[in-house]
Amino acid sequence: MDEDFARAVEDGLKLSKRLVLPGGAPPPRPPAGMDRAAAWDAAPLLPTAPMAYAVVTDPGTVDSPDVPSYQPHVYGRLNPPALIPLQMREIDLRVDCVAGCATAEVTVRARWWLHCITRSRDCDCRVVVPMGEQGSLLGAEVTVGKRSYNTHVIDVEDNSAVSIAKTESGALLKSQFFSLTIPQVVGGEDIFATIRWSQKLLYDNGQFSVDIPFRFPQYVNPLPKLFTKREKIQLTVNSGVSKEVLLQGTSHPLKEKGRQGDKLSFLHEAIVESWSIKDFTFAYSVYSADLSGGVLVQPSTLRDYDDRDMFCIFLLPGNNQNRKVFRKAVVFIVDTSGSMQGKPIENVKSAVSTALSELVQGDYFNIVTFNDELHSFSSCLEQVNDKTTENAIEWMNLHFVAQGGTDIMHPLSEALALLSNSHDTLPQIFLVADGSVEDERNICRTVKTQLTNRGPMSPRISTFGLGSYCNHYFLRMLASIGKGHYDAAFDTGSIEGRMLQWFRKASSTIVTDISIDATKDIQEFEVLAKQQVDLLTSKAWLSENKQLEQKVAKLSIQNSIPSEYTRTVLLQTILEKVDPAQQGKQKPKKHGSADESSATPLNGLTLGFGNVAATMENLTSGFGDTKAPDKFEMFGKSVGGCCSRVADCCCCMCFINACSKMNDQCAIVMVQLCAALSFLGCFECCSELCCGGGGSD
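Residues numbered from 1 in each chain as written. Predicted model: local features only at pLDDT ≥ 70, side-chain atom pairs only at ≥ 80, totals over all residues. Heavy atoms only, no water.

Per an unreviewed UniProt entry, the protein goes by the name VWFA domain-containing protein and belongs to Brachypodium distachyon.

With that out of the way, let us pick up the overall build of the protein. The number of helices and strands found in the protein is 13 helices and 29 strands. Put simply, the protein has 697 residues, and 48% of those count as buried. In the protein, the share of contacts with a sequence separation of at least 24, taken over all contacts with a separation of at least 6, comes to 79%. (Helix = DSSP H or I, 4+ residues; strand = E, 2+ residues; numbered from the N terminus. Buried < 20%, exposed > 50% of the residue type's maximum accessible area, 1.4 Å probe, protein only. Contact = heavy atoms within 4.5 Å.)

On to the pairing of strand β13 (residues 229-238), then. As defined by bridge partners, strand β3 (residues 87-98) adjoins β13 across eight bridges and the pair is classed as parallel. Across the sheet, residue Asp96 finds its bridge partner in β13, namely Thr236. Alignment of β13 against strand β16 (residues 263-272), held across 10 bridges, turns out to be antiparallel. Looking at the pairing, Glu231 lines up with Ala270 of β16. (Pairing = 2+ DSSP bridges.)

Here the focus is the packing of helix α4 (residues 409-418) against helix α5 (residues 440-454). Helix packing for two helices is described by the angle between their axes and how far apart those axes are. Where α4 meets α5, the closest approach of the two axes is 11 Å, and the angle between their N-to-C directions is 10°. In terms of orientation, α4 lies roughly parallel with respect to α5. Side by side, α4 and α5 meet where Met409, Leu412, Leu416 and Ala417 of the first sit next to Ile443, Thr446, Val447, Gln450, Leu451 and Arg454 of the second. Across the contact of α4 with α5, the residue classes tally to seven nonpolar, two polar and one charged. (Axes fitted to C-alpha atoms, helices over the stretch in contact; angles between N-to-C directions. Parallel < 35°, antiparallel > 145°, perpendicular 65-115°, else oblique. Nonpolar A, V, L, I, M, F, W, Y, C, P; charged D, E, K, R; others polar.)

Looking now at helix α3 (residues 386-399). For α3, spanning 14 residues, the distance from its first C-alpha to its last is 20 Å, which sits close to the expected 20 Å at 1.5 Å a residue. Looking at α3, one finds that the buried residues are Thr388, Thr389, Ala392, Trp395 and Met396. Seen end-on, α3 carries its buried residues on one side only, within an arc spanning 120°. Exposed residues pointing more than 90 degrees away from the buried face of α3 are listed as Asp386, Lys387 and Leu398. Buried residues in α3 make contact with α2 (343-357), β21 (364-370), β22 (374-376) and β23 (382-383). Two or three places before Lys387, at the start of α3, stands the capping residue Asn385, its side-chain oxygen 3.1 Å from that residue's backbone nitrogen. (Expected span 1.5 Å × (residues − 1). Arc of directions from axis to C-beta. Polar contact = N/O pair within 3.5 Å; in protein donor to acceptor, adjacent residues only side chain to side chain.)

What follows covers α2. End to end, α2 covers 21 Å across 15 residues, agreeing with the expected 21 Å (1.5 Å per residue, within 8%). Of the positions making up α2, those classed as buried are Pro344, Ile345, Asn347, Val348, Lys349, Ala351, Val352, Ser353, Ala355 and Leu356. Structurally, α2 contributes buried residues whose contacts are with β20 (328-335), β21, α3, β24 (426-433), β25 (460-466) and α7 (495-506).

Rendered as structure tokens:
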């Protein structure tokens, strides 16, 4: 998926060479090195900041809306379409951090213009927003001329409000990228967009940090003589405690605008020569010599269907370096079924090896792998030392082999048995899986019974999901039952880093006998609702309770948060006439006529409840950055690769003119040459289809 998107952008940048910009400025060019096929890399062309693209199927529409280039007409259609990055005129970033929820709410307001399509034509435009750590969409609004597009969450059975089209208008390209397609934008028009999402506020070694994708490529900068580029960043921090807040670093020059109690506000606003070329990062710490914390309360409002308040309890570990650390007894349970082959199992092995090296003397550990069979590093818990750690890594190199099916209950029972004698340590289980099984509800009930029978020193169970085929609500519920932590990775490149964060978080200091002495009200903050929706969805899945499902749906609709029991649509509304200069500054009024509204579905915004069928077949394409090989795709690439590379170097009109001046003998030679090239392409394809897919006898 990454490669397909990047190829489309590369084609779009090549098409942009046809543009003649005001003042004779050169058109945008692909990043250095992109033309060398042998070293082609998709990463430089993937969005690293909010972007908009013209979706071009007809290359003849590509031209400057203000200064026609009078280039020769280009015939034909582009399939798949090319994506031309649009120039950006305005950007406004707002970040609200709430430490108690460990979450940041991000709002981006941007303005692009369709600079690459002639004013007499139109095309679809795609807005793509990369979201940060564990990003989750909260809402989107796009305005083009008199048309307004807004995301709405409706009940899955609600068909009365508007007619829902069958075509999709957007989705998640992968777990971090939200995509929204706006149809029929006329050349030269402005696109105003407001996108809101929540993402994780990271905490490591006493320091909170937030990282927002905010690196714009040079080719989205409009000419400085025509447009003044004003960059604005607003940041608020709600520390939740009355302790001193220490600023640790920021990527952009922020000025402190106010400090009132536990709330701080910062602002960066400036006229810039070019848009930001680095992500927006901000880090701070809360000074405390010992454990501290509090309760954040969000009061109910008149529009809430549930009149109860929501609250969030948080604890900060403080800076006491002399605190006693619990000794641990750790059992790693790792899925080694056939679907884990390749990068997933290698990244998991690397993460487990690093986690083992972070255990200290006095800790105990064991490793259990499972597929159709179960294998253990040792028949009992092993003490941590250099020799056992080295032996464990050698054992993983031999036994971390992806093959067979998935059976989760058996290894869980084995781990619980291993921890029946935890040597007066804190027992912990770390489960890593990439698939779904049919008896997940029974697993939760069985584990809950066993943990209850063991009493207060029962093992804590933390779970980690890989890809989209596992049931993440099952893993979240299992971690809740086991008083552990849940996390996930949806692309192979993030597995190792996310697993290490998960392990360190679950292995951190654990406290008991907590007393609460104060509460603090916070403004209406949708992140609390998002956390509640996820937790209630897990409970509704486990209990199969229709009332809980309805409660999740109502909470989802009330806060415009996607859920498994609702659906998200893009609602189009025709606006009243507004002043274009004020279009981005105020919310236009809408006509009330139902005939002027239409909606299209936005899919892929939720996780789903796993895919048992894909797990049983050991499919390996449950990650956003991998896909199964396609024989027909291989055929197309083999036959068309040579011709497409030749066509990239030629202009259609130039080719036609050249052919018209060719004599008969030259034409015969050209026909024979094309036939030979076609034969060689087909021969290469047949050899791949017949020999490449299987082994020799």
